[in-house]
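# An overview of the molecular structure
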Amino acid sequence: GESVGLHLPTLSVQEGDNSIINCAYSNSASDYFIWYKQESGKGPQFIIDIRSNMDKRQGQRVTVLLNKTVKHLSLQIAATQPGDSAVYFCAENISNAGNMLTFGGGTRLMVKP
Amino acid sequence: EAEVAQSPRYKITEKSQAVAFWCDPISGHATLYWYRQILGQGPELLVQFQDESVVDDSQLPKDRFSAERLKGVDSTLKIQPAELGDSAMYLCASSLELGRTEAFFGQGTRLTVV
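Report on the accompanying structure. (Residues numbered from 1 in each chain as written. Chains lettered and ligands numbered in written order. Predicted model: local features only at pLDDT ≥ 70, side-chain atom pairs only at ≥ 80, totals over all residues. Heavy atoms only, no water.)

### As for the overall build of chain A
Stated precisely, the cut-off is as follows: Note on conventions: DSSP H or I runs of at least 4 residues are helices, E runs of at least 2 residues are strands, and numbering of each starts at the N terminus. Radius of gyration: over C-alpha atoms. The globule rule applied is 2.2 Å multiplied by the number of residues raised to the 0.38 power. For the exposure calls, accessible area comes from a 1.4 Å probe over protein chains only, and a residue counts as buried if that area is under 20% of its type's maximum, exposed if over 50%, partly exposed in between.
The helix and strand tally for chain A stands at zero helices and ten strands. When its helices and strands are written in sequence order, chain A yields β-β-β-β-β-β-β-β-β-β. The C-alpha radius of gyration of chain A comes to 14 Å, within 12% of the 13 Å expected for a compact globule of 113 residues. Each of the three principal axes of chain A carries a C-alpha extent, and together these read 45 × 25 × 20 Å. Taken over 113 residues, chain A has a buried fraction of 46%.

Shown next, in the form of structure tokens:
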């Protein structure tokens, strides 16, 4: 399959370490956020979401943190595995713009065995 | 497991030709999105439907692109005439309702215009 993102920011981590991927958003009207994982040649895959009335949400091996004061979102992956290697995107729902779901630029995660 | 279906997976077309992509959302999902993803970038929203109605198409190049969802279920995105710069991945996604619910994506259609 072809590469999803050739010029994206890249985070390289050792297998077993924790990963933190960051995302900044600009619209204060954004009320819902989603993290997606995209592997080469595939569509984005839902990982976890969070509403603006929360500041933390946990899933299986993943945690999303939301800081509305500085408009910052992060995805933490515990015990990173080779299968986590992909491009990660954050998406925000802008409620005052017809509930448009818009995406950030993405980060490539590379897991070294 | 329910999924969003898209076809074709790959399409090669000559510039100035017409091309169409099809999307079948997850059953019961009222909201349908079409995105374009250029290599190395995040998906860019082209058009958003709620049932059969267009909610937002402000980013759709309407001189050459059109989208419809006549019965509020499956959808077609058309480009006529195709240009070299239209080469990209075209992604369809659906969600239960508009805003604040998770959107699920199909595998996309990779378009190459030659």
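Read on for the rest.
### Let's talk about the pairing of strand 6 (residues 62-67) of chain A
Two faces, one strand: in a regular strand the side chains alternate between the faces of the sheet. All names here are of chain A. Selection criterion: For two strands to be treated as a pair, DSSP must find no fewer than two bridges joining them.
Alignment of strand 5 (residues 56-58) against strand 6, held across three bridges, turns out to be antiparallel. Across the sheet, residue K56 finds its bridge partner in strand 6, namely L65. Taking the residues that link successive antiparallel strands as the turn, the strand 5-strand 6 hairpin has three residues, and the phi of R61 there is positive, at about 65°. Both strand 6 and strand 7 (residues 72-77) contribute to a ladder of six bridges, which runs antiparallel. Bridging across to strand 7, L66 finds its partner in L73. Where strand 6 folds back onto strand 7 in an antiparallel hairpin, the turn is made up of four residues, including K71, whose phi is positive at roughly 55°.

Everything listed here is a matter of coordinates, which is why it stays silent on function.
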